[in-house]
Amino acid sequence: MTDDEIRILVRARLKTGALPRDLPAFGPTRSTEDRATTMIIRPGRGQSCAACDGPDADVTYRYPDRDVSFHLRCDAIWGEERQLL
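Since this is a predicted model, take the numbers as computed values, not measurements.

*Asks:* Provide a residue-level description of the pairing of strand β3 (residues 67-70), including the pertinent values.
*Replies:* Judged from the 4 bridges that link them, strand β2 (residues 59-62) and β3 form a sheet pairing that is antiparallel. By the bridge assignment for β3, Val59 is matched with Phe70. Between the antiparallel neighbours β2 and β3 lie 4 residues.

So, in structure tokens, the structure goes:
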């Protein structure tokens, strides 16, 4: 998938709310779960990328209600597109 194709998917998912527009708040939360870790970087472990739907995402952001994972390339595109909104 090309960067332009990923950008189109990211823009559409940002508009519908399928992708968050902001990074998660860093630091401890008031959730009953331990959600203090807000960003995890590791080799892909089977998580699907929220931008391109491909397997083995590298970066995971933890939000109070969900985790959002990306490949490194897709994470950079998501960051760029969030800045344009």
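*Asks:* Can you tell me about the environment of Asp56, naming the residues and giving the values?
*Replies:* Looking at the secondary structure, you find Asp56 in the loop between β1 (39-41) and β2. On a C-alpha basis, the gap between Asp56 and His71 in space is 7.4 Å, while along the polypeptide they are 15 residues apart. From its side chain, Asp56 meets the backbone nitrogen of Gly46 in a polar contact 3.0 Å long.

*Asks:* Go over the packing of helix α1 (residues 3-16) against helix α2 (residues 72-84), please, and point to the residues and values.
*Replies:* Where α1 meets α2, the axes come as close as 10 Å, and the angle between the chain directions of the two elements is 55°. One element, α1, and the other, α2, form an angle in the oblique class. Seen along the crossing, α1 lies across α2 with a hand that is right-handed. Across the interface between the two elements, Asp3, Ile6, Arg7, Val10, Arg11 and Leu14 of α1 pack against Arg73, Cys74, Ile77, Trp78, Glu80, Glu81 and Arg82 of α2. Of the residues belonging to the contact of α1 with α2, the class tally is 6 nonpolar, no polar and 7 charged.

Parameters and conventions
- Numbers given to residues run from 1 along each chain, matching the order in which its sequence is written.
- Local features in a predicted model are, by the rule used here, given only for residues with pLDDT of at least 70; side-chain atom pairs are given and counted only at 80 or more, and totals for whole chains, interfaces and linings are based on all residues.
- Each side-chain value is worked out from all heavy atoms of the structure, with water and hydrogens disregarded.
- The pairing criterion for strands is at least two bridges between them, as found by DSSP.
- A run of H or I in DSSP becomes a helix once it reaches four residues, and a run of E becomes a strand once it reaches two; helices and strands are each numbered from the N terminus.
- The term polar contact refers here to a pair of N or O atoms within 3.5 Å; inside protein, the definition further demands a hydrogen-donor-capable atom paired with an acceptor-capable atom, and it admits residues adjacent in sequence only when both atoms are side-chain atoms.
- Interaxial angle, 0 to 180 degrees, is taken between N-to-C directions of lines fitted to C-alpha atoms, where a helix line uses only the stretch in contact.
- By definition in this entry, angles of less than 35 degrees are roughly parallel, angles greater than 145 are roughly antiparallel, angles of 65 to 115 are roughly perpendicular, and the rest are oblique.
- Here a crossing is taken to be left-handed if its near helix is turned anticlockwise relative to the far helix by less than a right angle, and right-handed if that turn runs clockwise.
- Contacts between residues were defined by any pair of non-hydrogen atoms, one from each residue, lying within 4.5 Å.
- Residue classes follow a fixed rule: Ala, Val, Leu, Ile, Met, Phe, Trp, Tyr, Cys and Pro count as nonpolar, while Asp, Glu, Lys and Arg count as charged, and any other residue, Gly among them, counts as polar.

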